[in-house]
Amino acid sequence: MFDISVNLTNKQFKKDKNDVINRAINNGVNGLLIIGSNLENSYDAYKISKKYKNYCWSTVGLHPHYANLWNDNYVNKIIKLIKNDKVVAIGECGLDFYRNYSSIKEQLFAFHAQLELSYSFKIPIYLHCRNAFKFFFKILKFWYYKIPATIIHCFSGNEYELKKCLDMNMSIGISELFFNSKYRKGFKNDINLIPKNKLLIETDSPFLLFKKTYNKIYKKLKGRNEPSLLPNLLKKISLLRNEIFSELDKQTEINTFKILKLNKNNCNYNFNNLK
Ligand SMILES: [Zn+2]
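Each residue is numbered by its place in its chain's sequence as written, counting from 1. In keeping with the model being predicted, local features are shown solely for residues with a pLDDT of at least 70 and side-chain atom pairs are shown and tallied solely at 80 or more, while totals for entire chains, interfaces and linings include all residues. Where side-chain values are given, they derive from all heavy atoms of the structure, hydrogens and water being excluded.

**A few points about unusual backbone geometry**
Now for step 1: In the segment running from Gly91 into Glu92, the intervening peptide bond is cis, with an omega of 10°.
Now for step 2: When you line up the elements, Glu92 lands in strand β4 (residues 87-96).
Now for step 3: The step from Ser205 to Pro206 runs through a cis peptide bond, and the omega angle for that step is 10°.
Now for step 4: Only DSSP runs of H or I covering at least 4 residues are called helices, and only runs of E covering at least 2 are called strands; the numbering of each starts at the N terminus. Along the chain, Pro206 falls in the loop between β8 (199-201) and α9 (215-218).
Now for step 5: Phi at Asn100 takes a positive value of approximately 50°, unusual for a residue other than glycine.
Now for step 6: Residue position: Asn100 is located in the loop between β4 and α4 (104-121).

**Things to note about helix α1 (residues 17-26)**
Because the α-helix completes a turn every 3.6 residues, residues three or four places apart line up on one side.
Now for step 1: Only protein chains enter the area calculation, which uses a 1.4 Å probe; residues under 20% of their type maximum are buried, those over 50% are exposed, and those in between are partly exposed. The complete set of buried residues in α1 reads Val20, Ile21 and Ala24. Along α1, the residues classed as buried sweep out an arc of 95° about the axis, all on the same side.
Now for step 2: Should any heavy atoms of two residues lie within 4.5 Å, those residues are counted as being in contact. In this structure, the buried residues of α1 make contact with β2 (31-34) and β3 (56-60).
Now for step 3: Looking one or two places after α1, you find Gly28, whose phi comes out positive at around 90°. Summarising the geometry, the arc corresponds to the directions from the helix axis toward the C-beta atoms.

**With respect to helix α10 (residues 230-241)**
Now for step 1: For α10, with 12 residues, the first-to-last C-alpha span of 17 Å sits near the 16 Å given by 1.5 Å per residue.
Now for step 2: By the burial criterion, the buried members of α10 are Leu230, Pro231, Leu233, Leu234, Ile237, Ser238, Leu240 and Arg241.
Now for step 3: The elements touched by buried residues of α10 are β1 (2-6), β7 (171-174), α7 (177-180), α8 (187-191), β8 and α11 (245-259).
Now for step 4: Taken from the residues just after α10, Asn242 is the one with a positive phi, measuring 55°. Helix span is expected to be 1.5 Å times the residue number reduced by one.

**Quick notes on the packing of aromatic side chains**
Now for step 1: When two rings of Phe, Tyr or Trp (its six-membered ring) have centres within 6.5 Å they constitute a pair, described as stacked for plane angles under 30 degrees, edge-to-face for angles over 60, and tilted for the intermediate range. Inspection of the entire model under this criterion finds 15 aromatic pairs.
Now for step 2: Plain terms: the ring middles of Phe2 and Trp57 are 5.9 Å apart, the flat faces sit at 35° to each other, and that makes the pair tilted. Within this pair, whereas Phe2 is found in strand β1, its partner Trp57 is found in strand β3, the two being separated by 55 residues in sequence.
Now for step 3: Judged by relative accessible area, Trp57 falls into the buried class, the value being 1%.
Now for step 4: Their ring planes at 85° and their centres at 5.7 Å tell us that Phe133 and Phe136 sit as a pair that is edge-to-face. In this pair, Phe133 and Phe136 are both assigned in helix α5 (residues 133-140), 3 residues apart and thus about one turn of the helix distant.
Now for step 5: Looking at Phe136, the relative accessible area reads 0%, which means it is buried.
Now for step 6: Through successive ring pairs, a cluster of aromatic residues spans Phe111, Phe133, Phe136, Phe137, Phe155, Phe178, Phe179 and Phe187.
Now for step 7: Sitting over a ring, as applied to charges here, requires NZ of Lys or CZ of Arg to be within 6 Å of the ring centre and within 35 degrees of the ring normal. Positioned over the ring face of Tyr119 is Lys146, at 5.7 Å from the centre of the ring.
Now for step 8: When the ring centre of Trp143 is taken as origin, the NZ or CZ atom of Lys146, which lies over that ring, is 5.0 Å away.

**Focus: empty space enclosed by the protein**
Empty space left among the atoms is revealed by rolling a probe the size of a water molecule over them.
Now for step 1: Whether a set of points on the 1 Å grid over the protein atoms alone is a cavity depends on a 1.4 Å probe fitting there but being unable to get out, while an open set qualifies as a pocket with protein on both sides within 12 Å along at least five of seven lines; lining residues are those with an atom within 4 Å of a point. Grid points are joined across faces, edges and corners, and a volume is the space filled by probe spheres set on the points. Considering all chains together, one arrives at 1 cavity of 30 Å³ or more under this definition.
Now for step 2: Ser175, Glu176, Glu202, Thr203, Tyr214, Asn225, Leu229, Leu230 and Leu233 together form the lining of the largest cavity.
Now for step 3: As a working rule, the residues Ala, Val, Leu, Ile, Met, Phe, Trp, Tyr, Cys and Pro are called nonpolar, Asp, Glu, Lys and Arg charged, and the rest polar, with Gly in that last group. Grouping the amino acids of the lining of the largest cavity by side-chain chemistry returns 4 nonpolar, 3 polar and 2 charged.

**A word on the side chain of Asn7**
Now for step 1: Within the secondary structure, Asn7 sits in the loop between β1 and α1.
Now for step 2: According to the relative accessible area criterion, Asn7 is buried, its value standing at 8%.
Now for step 3: Asn7 has contacts with Phe13, Ile35, Glu92, Asp204, Ser205, Pro206 and Phe207, leaving out every residue within four places of it along the chain.

**What to know about the packing of α4 against α5**
Now for step 1: Fitted lines through C-alpha atoms give the axes, limited to the stretch in contact for helices. The angle between two N-to-C directions lies from 0 to 180 degrees. Contact geometry of α4 with α5 gives a least axis separation of 12 Å together with a crossing angle of 35°. Seen along the crossing, α4 lies across α5 with a hand that is right-handed. Of the residues in α5, those in contact with Leu108, Phe111, His112 and Leu115 of α4 are Phe135, Phe136, Ile139 and Leu140.
Now for step 2: A class-by-class count of the residues in the contact of α4 with α5 yields 7 nonpolar, 1 polar and no charged. Handedness of a helix crossing follows the sense of rotation of the near helix relative to the far helix, less than a right angle counterclockwise being left-handed and clockwise being right-handed.

Shown next, in the form of structure tokens:
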């Protein structure tokens, strides 16, 4: 399995990145995507992906929370970073009207600029959308068929929104938020709507360790999620989809390798065994 959302640059991981990574490896997690959400931590994510080069890859981009920081210099700095082969997607970027830390206008501007970069440099786009699907689809309908690949991470929308994302050929990142969002009902139905080859999984660590789901270990981990917990999520998904754990494990991993065009020669995992 592969964790497509690890915020390893977060200060909660400042002291023990090595231990976190080792625990993930020991629990059968074969790779991590380290997320950039502003310019500073995109650089840090890149550095991590270089250091753990057989195991981590990274994204570069501006999260909608930080959209107010966008300026022309960003474009050049992002272009510099995406020229490195460890940087495999633009993002996370998109819209977040749940918190609205940046204005809608600022969010739309930064989102458009990053879509343009994905299109120009033929690099996948890594999307975040919370409570903003109406605007999100309005924008993406002009882009989705032009950009090379699209991931929506931490999907939290309803059935209609899920179908619409699939119509736009997106791969769907499933985290605990999918099962815990108070806005979502009918997750059993929805998780079964996602074709096997479009399913990706993620912890979004250190976030999204829900107390009610991880009651037993919540205290021990001091509320911090980490990639070694990914098998719990995969188990839940495999039960709901009535699929064999080990097959879904391989499938979600190959989906990640394919969509992000990860360099199989750099990876410990034997890519050739996967269908
Ligand atoms: Zn996000």
